[in-house]
Amino acid sequence: MRKPRIQFEGALYHVIVRGNQRRRVFLSPADFRRYLEIMGKKGKAHAIKTNAYCLMPNHAHLLLEQSGYSKLSRYMQGLQTAYTKYFNKRHKKSGHLFQGRYKAFLVERDSYLLELVRYIHLNPMRAKLEEKVGQYPWSSHGQYLGKEKKPLVKVARGEILRMFGKEKAVKAYMKFVLEGVGQGHRKDLYETSGWQILGSEGYEARSLAKLGEKPERPVRLRMGIGEIWVRLKGRERMEEEPKGHKRSKLMEEAVWLGYECAGVSQAESAKYFGIGPSGAYNAIKRLERRWERSPGQRRSLLSWAKSLKK
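About the criteria used
Sequence order sets the numbering: in each chain, residues are counted from 1 along the sequence as written. Confidence filtering applies because this is a predicted model: local features only for residues at pLDDT of at least 70, side-chain atom pairs given and counted only at 80 or more, and all residues used for totals across whole chains, interfaces and linings. Water and hydrogen atoms were dropped before computing side-chain values, which therefore reflect all heavy atoms in the structure. Under the scheme used here, helices are H or I runs from DSSP no shorter than 4 residues and strands are E runs no shorter than 2 residues, and both carry numbers assigned from the N terminus. Residue count minus one, scaled by 1.5 Å, sets the expected span of a helix. Remark: exposure states derive from per-residue accessible area (1.4 Å probe, protein chains only) relative to the maximum for the residue type, with buried under 20%, exposed over 50%, and partly exposed in between. The axes used here are C-alpha line fits, helices contributing only the stretch in contact, and every angle between their N-to-C directions lies in the interval 0 to 180 degrees. These descriptions rest on fixed angle ranges, namely under 35 degrees for roughly parallel, over 145 for roughly antiparallel, 65 to 115 for roughly perpendicular, and the rest for oblique. Each helix crossing is assigned a hand: it is left-handed if the near helix lies turned anticlockwise from the far helix by less than a right angle, otherwise right-handed if that turn is clockwise. Two residues qualify as a contact provided that any one of their heavy atoms is within 4.5 Å of a heavy atom in the partner residue. Lys, Arg, Asp and Glu make up the charged group, whereas Ala, Val, Leu, Ile, Met, Phe, Trp, Tyr, Cys and Pro make up the nonpolar group; the residues left over, Gly among them, are polar. Two strands pair if DSSP finds at least two bridges between them. Here is the rule: rings of Phe, Tyr and Trp (six-membered ring for Trp) pair when centre to centre is within 6.5 Å. Planes less than 30 degrees apart are stacked, more than 60 are edge-to-face, and the remainder are tilted.

Trainee: Even after reading the chapter, I still don't get helix α12 (residues 279-293), so can you show me in this structure?
Mentor: Side chains that are three or four residues apart share a direction in an α-helix, a result of its 3.6 residues per turn. Spanning 15 residues, α12 covers 22 Å between terminal C-alpha atoms, matching the ideal 21 Å at 1.5 Å per step. The complete set of buried residues in α12 reads Gly279, Ala280, Tyr281, Ala283, Ile284, Leu287, Arg290 and Trp291.

Trainee: Would you explain the packing of helix α10 (residues 244-261) against helix α11 (residues 266-273) in this entry?
Mentor: The packing of two helices is summarised by the inter-axis angle and the distance between the axes. Taken N-terminus to C-terminus, the directions of α10 and α11 make an angle of 150°; their axes are 9 Å apart at the nearest point. Considering their axes alone, α10 and α11 lie roughly antiparallel with respect to each other. The interaxial crossing formed by α10 with α11 has right-handed handedness. In contact with Arg247, Met251, Ala254, Val255 and Tyr259 of α10, α11 contributes Gln266, Ser269 and Phe273. Residues belonging to the contact of α10 with α11 are distributed by class as follows: five nonpolar, two polar and one charged.

Trainee: Would you mind going over the pairing of strand β1 (residues 11-18) with me for this structure?
Mentor: Most of β1 sits out of view: seven of its eight residues are buried. In terms of strand pairing, β1 meets strand β3 (residues 59-66) through eight bridges, oriented antiparallel. The residue bridging leucine 12 from the neighbouring strand is glutamate 65, located in β3. Direction of pairing for β1 relative to strand β4 (residues 103-107): antiparallel, over a ladder of five bridges. Looking at β4, one finds that isoleucine 16 is bridged to lysine 103.

Trainee: Would you take a moment to explain the packing of helix α9 (residues 225-235) against α11 for this structure?
Mentor: Look at α9 against α11: their axes get within 10 Å of each other, and the N-to-C directions meet at 60°. Between α9 and α11, the interaxial angle falls into the category oblique. Considering how the two elements wind past one another, α9 and α11 form a crossing that is right-handed. Across the interface between the two elements, Ile225, Gly226 and Trp229 from α9 touch Ser269, Tyr272 and Phe273 from α11.

Trainee: What exactly am I supposed to notice about the sheet that holds strand β2 (residues 48-55) here?
Mentor: Strand pairing within a sheet occurs via backbone hydrogen bonds; the two strands may be parallel or antiparallel. An order of β2-β3-β1-β4-β5 is seen for the five strands of this open sheet, with the pairing classed as mixed. Every other strand in the sheet has two partners, leaving β2 and β5 (197-198) as the edge strands with one partner each. Lying over the sheet, helix α2 (residues 72-91) contacts β1, β2, β3 and β4, oriented at roughly 145° with respect to β3.

Trainee: Looking at this structure, I do not really get unusual backbone geometry. What am I missing?
Mentor: Positive phi, normally seen in glycine, also occurs at glutamine 21, with a value near 55°. Mapping glutamine 21 onto the fold places it in the loop between β1 and α1 (29-46). With a relative accessible area of 43%, glutamine 21 lands in the partly exposed category. A positive phi angle, close to 55°, is found at alanine 47, a residue other than glycine. Along the chain, the position of alanine 47 falls in the loop between α1 and β2. Overall, alanine 47 belongs to the partly exposed group, its relative accessible area being 22%.

Trainee: Just to check I follow, could you spell out the packing of aromatic side chains for this structure?
Mentor: Two aromatic rings are characterised by how far apart their centres lie and by the angle between their planes. Going through the model one piece at a time under the given rule, you end up with 16 aromatic pairs. Aromatic side chains phenylalanine 26 and tyrosine 35 sit 5.3 Å apart centroid to centroid with 85° between the ring planes, which places their arrangement in the edge-to-face category. No difference in accessibility class separates phenylalanine 26 from tyrosine 35, as the two residues are buried. Taken together, a centroid distance of 5.5 Å and an interplanar angle of 40° make the contact between tyrosine 83 and tyrosine 86 tilted. Of the two residues, tyrosine 83 and tyrosine 86 both sit in helix α2, three residues apart, roughly one turn of that helix.

None of this, on its own, says anything about what the molecule does.
Okay, here's the thing in C-alpha coordinates:
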(Lines give C-alpha, C1' and ligand atoms only; values in the text may rest on other atoms or scores of the structure.)
Protein backbone atom coordinates (compact mmCIF):
# COMPACT_ATOMS: atom_id res chain seq x y z
CA MET A 1 0.00 0.00 0.00
CA ARG A 2 1.33 3.42 -0.94
CA LYS A 3 2.37 5.32 2.17
CA PRO A 4 1.53 9.02 2.55
CA ARG A 5 4.30 11.60 2.26
CA ILE A 6 5.64 12.94 5.52
CA GLN A 7 5.65 16.69 4.97
CA PHE A 8 6.31 19.43 7.52
CA GLU A 9 8.04 22.79 7.71
CA GLY A 10 11.80 22.37 7.96
CA ALA A 11 11.81 18.85 6.50
CA LEU A 12 14.80 17.98 4.30
CA TYR A 13 14.32 15.63 1.33
CA HIS A 14 16.57 13.82 -1.13
CA VAL A 15 14.33 13.70 -4.20
CA ILE A 16 15.09 11.46 -7.18
CA VAL A 17 13.14 11.67 -10.44
CA ARG A 18 13.80 9.31 -13.34
CA GLY A 19 12.82 9.21 -16.96
CA ASN A 20 10.11 6.73 -17.92
CA GLN A 21 11.83 3.38 -18.61
CA ARG A 22 15.09 5.21 -17.83
CA ARG A 23 14.87 7.23 -21.05
CA ARG A 24 16.56 10.60 -21.37
CA VAL A 25 14.58 13.56 -20.08
CA PHE A 26 17.16 16.18 -21.10
CA LEU A 27 18.11 16.09 -24.78
CA SER A 28 19.81 19.47 -25.16
CA PRO A 29 21.35 22.27 -23.06
CA ALA A 30 18.07 24.16 -23.51
CA ASP A 31 16.24 21.33 -21.75
CA PHE A 32 18.57 21.43 -18.73
CA ARG A 33 18.18 25.20 -18.52
CA ARG A 34 14.39 25.02 -18.79
CA TYR A 35 14.13 22.51 -15.93
CA LEU A 36 16.30 24.76 -13.76
CA GLU A 37 14.24 27.82 -14.67
CA ILE A 38 11.08 26.05 -13.58
CA MET A 39 12.78 24.88 -10.38
CA GLY A 40 13.68 28.48 -9.59
CA LYS A 41 10.18 29.84 -10.23
CA LYS A 42 8.34 27.04 -8.45
CA GLY A 43 10.75 27.19 -5.51
CA LYS A 44 9.92 30.83 -4.89
CA ALA A 45 6.19 30.23 -5.32
CA HIS A 46 6.13 27.29 -2.89
CA ALA A 47 8.85 28.38 -0.44
CA ILE A 48 10.98 25.33 -1.24
CA LYS A 49 14.67 25.79 -0.54
CA THR A 50 17.24 24.05 -2.78
CA ASN A 51 20.39 22.87 -1.00
CA ALA A 52 21.92 20.99 -3.95
CA TYR A 53 20.98 19.52 -7.31
CA CYS A 54 22.39 17.52 -10.19
CA LEU A 55 20.57 16.96 -13.47
CA MET A 56 21.75 13.84 -15.26
CA PRO A 57 20.63 12.90 -18.80
CA ASN A 58 17.90 10.50 -17.64
CA HIS A 59 17.32 11.46 -14.00
CA ALA A 60 17.80 14.20 -11.44
CA HIS A 61 18.86 14.44 -7.79
CA LEU A 62 17.45 17.32 -5.76
CA LEU A 63 18.19 18.11 -2.11
CA LEU A 64 15.18 20.18 -1.07
CA GLU A 65 13.88 21.74 2.12
CA GLN A 66 10.27 22.53 2.87
CA SER A 67 10.90 25.91 4.42
CA GLY A 68 7.42 27.40 4.37
CA TYR A 69 3.72 26.73 4.35
CA SER A 70 3.56 24.89 1.01
CA LYS A 71 4.13 21.15 0.72
CA LEU A 72 6.88 19.43 -1.24
CA SER A 73 4.27 17.45 -3.19
CA ARG A 74 2.72 20.62 -4.62
CA TYR A 75 6.12 21.91 -5.68
CA MET A 76 7.08 18.62 -7.34
CA GLN A 77 3.74 18.29 -9.10
CA GLY A 78 4.09 21.80 -10.52
CA LEU A 79 7.71 21.23 -11.54
CA GLN A 80 7.20 17.87 -13.24
CA THR A 81 3.98 18.88 -15.00
CA ALA A 82 5.38 22.16 -16.33
CA TYR A 83 8.56 20.53 -17.61
CA THR A 84 6.71 17.60 -19.22
CA LYS A 85 4.50 20.04 -21.13
CA TYR A 86 7.56 21.95 -22.29
CA PHE A 87 9.46 18.78 -23.29
CA ASN A 88 6.59 17.20 -25.21
CA LYS A 89 5.90 20.39 -27.11
CA ARG A 90 9.54 21.08 -27.94
CA HIS A 91 10.38 17.53 -29.01
CA LYS A 92 6.98 16.62 -30.48
CA LYS A 93 6.37 13.85 -27.95
CA SER A 94 3.34 12.79 -25.94
CA GLY A 95 2.51 10.86 -22.80
CA HIS A 96 4.43 10.37 -19.56
CA LEU A 97 7.98 11.63 -19.41
CA PHE A 98 8.90 10.62 -15.86
CA GLN A 99 8.83 7.20 -14.22
CA GLY A 100 5.86 6.93 -11.90
CA ARG A 101 6.03 8.51 -8.47
CA TYR A 102 9.21 10.39 -7.65
CA LYS A 103 11.23 9.17 -4.67
CA ALA A 104 11.51 11.55 -1.72
CA PHE A 105 13.70 10.38 1.18
CA LEU A 106 13.06 12.32 4.37
CA VAL A 107 16.56 13.06 5.69
CA GLU A 108 17.92 13.70 9.18
CA ARG A 109 19.85 16.91 8.66
CA ASP A 110 22.66 16.60 11.20
CA SER A 111 23.72 13.14 10.06
CA TYR A 112 23.30 13.29 6.30
CA LEU A 113 23.17 16.85 4.93
CA LEU A 114 26.85 17.21 4.04
CA GLU A 115 27.16 13.61 2.85
CA LEU A 116 24.25 14.09 0.45
CA VAL A 117 25.56 17.39 -0.91
CA ARG A 118 28.83 15.65 -1.74
CA TYR A 119 27.15 12.52 -3.09
CA ILE A 120 24.86 14.52 -5.38
CA HIS A 121 27.69 16.68 -6.72
CA LEU A 122 29.80 13.60 -7.48
CA ASN A 123 27.10 11.95 -9.61
CA PRO A 124 28.70 13.05 -12.92
CA MET A 125 32.07 11.66 -11.82
CA ARG A 126 30.57 8.27 -10.94
CA ALA A 127 28.76 8.21 -14.29
CA LYS A 128 31.98 9.15 -16.10
CA LEU A 129 30.43 12.33 -17.48
CA GLU A 130 33.41 14.34 -16.31
CA GLU A 131 37.11 13.58 -15.89
CA LYS A 132 37.65 16.24 -13.27
CA VAL A 133 35.26 17.33 -10.52
CA GLY A 134 33.58 20.55 -11.54
CA GLN A 135 33.54 20.08 -15.32
CA TYR A 136 29.88 19.00 -15.51
CA PRO A 137 27.70 22.12 -15.95
CA TRP A 138 24.30 20.89 -14.72
CA SER A 139 24.84 20.66 -10.97
CA SER A 140 25.00 23.18 -8.14
CA HIS A 141 28.67 22.39 -7.45
CA GLY A 142 29.74 25.51 -9.36
CA GLN A 143 27.62 27.69 -7.09
CA TYR A 144 29.36 26.27 -4.04
CA LEU A 145 32.66 27.34 -5.57
CA GLY A 146 31.27 30.81 -6.29
CA LYS A 147 31.59 30.41 -10.07
CA GLU A 148 27.94 31.10 -10.99
CA LYS A 149 26.96 34.72 -10.56
CA LYS A 150 23.39 34.53 -11.94
CA PRO A 151 22.20 30.96 -11.34
CA LEU A 152 18.79 29.82 -12.58
CA VAL A 153 18.28 28.13 -9.22
CA LYS A 154 19.91 29.75 -6.25
CA VAL A 155 21.06 27.16 -3.72
CA ALA A 156 21.36 27.72 0.02
CA ARG A 157 25.13 27.39 -0.07
CA GLY A 158 25.84 29.93 2.66
CA GLU A 159 24.56 27.98 5.64
CA ILE A 160 26.21 24.78 4.39
CA LEU A 161 29.57 26.40 3.70
CA ARG A 162 29.50 27.86 7.22
CA MET A 163 29.75 24.28 8.47
CA PHE A 164 33.28 24.26 7.05
CA GLY A 165 34.30 27.32 9.08
CA LYS A 166 34.28 31.07 8.56
CA GLU A 167 37.59 31.23 6.69
CA LYS A 168 38.55 29.28 3.59
CA ALA A 169 35.17 27.51 3.66
CA VAL A 170 35.09 26.97 -0.11
CA LYS A 171 38.53 25.38 -0.05
CA ALA A 172 37.51 23.11 2.83
CA TYR A 173 34.31 22.19 1.01
CA MET A 174 36.25 21.26 -2.15
CA LYS A 175 38.64 19.13 -0.11
CA PHE A 176 35.65 17.35 1.42
CA VAL A 177 34.15 16.66 -2.03
CA LEU A 178 37.43 15.34 -3.45
CA GLU A 179 37.75 12.96 -0.50
CA GLY A 180 34.55 11.31 -1.74
CA VAL A 181 35.84 10.56 -5.24
CA GLY A 182 35.99 6.81 -5.73
CA GLN A 183 33.38 5.97 -3.11
CA GLY A 184 31.01 4.62 -5.73
CA HIS A 185 27.32 4.00 -5.05
CA ARG A 186 26.46 4.65 -1.40
CA LYS A 187 23.87 2.07 -0.39
CA ASP A 188 23.77 3.56 3.10
CA LEU A 189 22.20 6.71 1.63
CA TYR A 190 19.29 4.66 0.28
CA GLU A 191 18.73 2.06 3.01
CA THR A 192 15.53 3.27 4.61
CA SER A 193 12.38 1.93 6.19
CA GLY A 194 9.20 1.54 4.21
CA TRP A 195 8.51 5.19 5.04
CA GLN A 196 11.71 6.24 3.20
CA ILE A 197 13.18 8.01 6.22
CA LEU A 198 16.97 8.30 6.28
CA GLY A 199 17.98 8.83 9.87
CA SER A 200 18.14 7.44 13.39
CA GLU A 201 15.31 5.52 15.04
CA GLY A 202 14.60 8.59 17.17
CA TYR A 203 14.29 10.82 14.12
CA GLU A 204 12.03 8.29 12.41
CA ALA A 205 9.78 8.09 15.46
CA ARG A 206 9.53 11.89 15.77
CA SER A 207 8.77 12.24 12.06
CA LEU A 208 6.10 9.54 12.05
CA ALA A 209 4.51 11.07 15.15
CA LYS A 210 3.60 14.04 12.97
CA LEU A 211 1.36 11.64 11.01
CA GLY A 212 0.12 9.86 14.09
CA GLU A 213 2.04 6.75 13.02
CA LYS A 214 4.45 4.45 14.82
CA PRO A 215 7.70 3.32 13.17
CA GLU A 216 7.60 0.00 11.42
CA ARG A 217 10.45 -2.28 12.38
CA PRO A 218 12.34 -2.95 9.13
CA VAL A 219 13.06 -6.47 7.95
CA ARG A 220 16.70 -6.88 6.92
CA LEU A 221 17.62 -10.02 5.01
CA ARG A 222 21.24 -11.00 4.51
CA MET A 223 20.84 -13.03 1.34
CA GLY A 224 20.88 -12.57 -2.41
CA ILE A 225 18.03 -12.81 -4.87
CA GLY A 226 18.88 -16.44 -5.64
CA GLU A 227 18.45 -17.55 -2.03
CA ILE A 228 15.27 -15.51 -1.65
CA TRP A 229 13.87 -17.32 -4.71
CA VAL A 230 14.80 -20.73 -3.28
CA ARG A 231 13.16 -19.87 0.05
CA LEU A 232 9.96 -18.70 -1.65
CA LYS A 233 9.74 -21.89 -3.69
CA GLY A 234 10.27 -23.84 -0.48
CA ARG A 235 7.45 -21.94 1.17
CA GLU A 236 5.18 -23.01 -1.71
CA ARG A 237 6.63 -26.56 -1.64
CA MET A 238 7.70 -26.32 -5.25
CA GLU A 239 10.30 -28.87 -6.28
CA GLU A 240 10.43 -27.63 -9.87
CA GLU A 241 10.62 -24.16 -11.35
CA PRO A 242 7.14 -22.59 -11.51
CA LYS A 243 5.77 -21.45 -14.84
CA GLY A 244 3.29 -18.93 -16.15
CA HIS A 245 1.14 -16.99 -13.70
CA LYS A 246 2.51 -18.83 -10.65
CA ARG A 247 6.06 -17.87 -11.57
CA SER A 248 5.07 -14.27 -12.24
CA LYS A 249 3.36 -13.78 -8.87
CA LEU A 250 6.17 -15.46 -6.92
CA MET A 251 8.78 -13.48 -8.82
CA GLU A 252 7.04 -10.23 -7.81
CA GLU A 253 7.45 -11.16 -4.15
CA ALA A 254 11.09 -12.14 -4.67
CA VAL A 255 11.97 -8.90 -6.43
CA TRP A 256 10.18 -6.82 -3.80
CA LEU A 257 11.87 -8.63 -0.90
CA GLY A 258 15.25 -8.31 -2.60
CA TYR A 259 14.84 -4.60 -3.22
CA GLU A 260 13.18 -3.57 0.05
CA CYS A 261 14.76 -5.97 2.55
CA ALA A 262 18.03 -7.30 1.13
CA GLY A 263 19.50 -4.36 -0.78
CA VAL A 264 19.34 -6.17 -4.12
CA SER A 265 19.12 -3.72 -7.02
CA GLN A 266 16.27 -3.98 -9.49
CA ALA A 267 18.81 -4.42 -12.28
CA GLU A 268 20.34 -7.41 -10.47
CA SER A 269 16.93 -9.04 -10.00
CA ALA A 270 16.00 -8.38 -13.65
CA LYS A 271 19.20 -10.12 -14.76
CA TYR A 272 18.59 -13.09 -12.45
CA PHE A 273 15.07 -13.67 -13.77
CA GLY A 274 15.94 -12.88 -17.37
CA ILE A 275 13.47 -10.02 -17.74
CA GLY A 276 13.89 -6.62 -19.36
CA PRO A 277 15.48 -3.57 -17.65
CA SER A 278 12.10 -2.26 -16.46
CA GLY A 279 10.77 -5.73 -15.62
CA ALA A 280 11.74 -5.66 -11.95
CA TYR A 281 10.29 -2.18 -11.46
CA ASN A 282 7.01 -3.26 -13.08
CA ALA A 283 6.90 -6.42 -10.96
CA ILE A 284 7.17 -4.36 -7.77
CA LYS A 285 4.45 -1.97 -8.93
CA ARG A 286 2.07 -4.84 -9.79
CA LEU A 287 2.55 -6.31 -6.34
CA GLU A 288 2.03 -2.98 -4.59
CA ARG A 289 -1.16 -2.35 -6.59
CA ARG A 290 -2.51 -5.70 -5.37
CA TRP A 291 -1.61 -4.74 -1.82
CA GLU A 292 -3.67 -1.58 -2.13
CA ARG A 293 -6.70 -3.85 -2.53
CA SER A 294 -5.53 -6.43 0.02
CA PRO A 295 -3.17 -4.85 2.63
CA GLY A 296 -3.09 -8.08 4.61
CA GLN A 297 -1.00 -9.73 1.90
CA ARG A 298 1.85 -7.31 2.56
CA ARG A 299 1.75 -8.02 6.30
CA SER A 300 1.76 -11.76 5.61
CA LEU A 301 4.82 -11.51 3.37
CA LEU A 302 6.73 -9.42 5.90
CA SER A 303 5.78 -11.81 8.70
CA TRP A 304 7.12 -14.71 6.63
CA ALA A 305 10.30 -12.75 5.83
CA LYS A 306 10.91 -12.14 9.53
CA SER A 307 10.81 -15.88 10.12
CA LEU A 308 13.80 -16.29 7.78
CA LYS A 309 15.99 -14.43 10.26
CA LYS A 310 15.39 -16.91 13.10
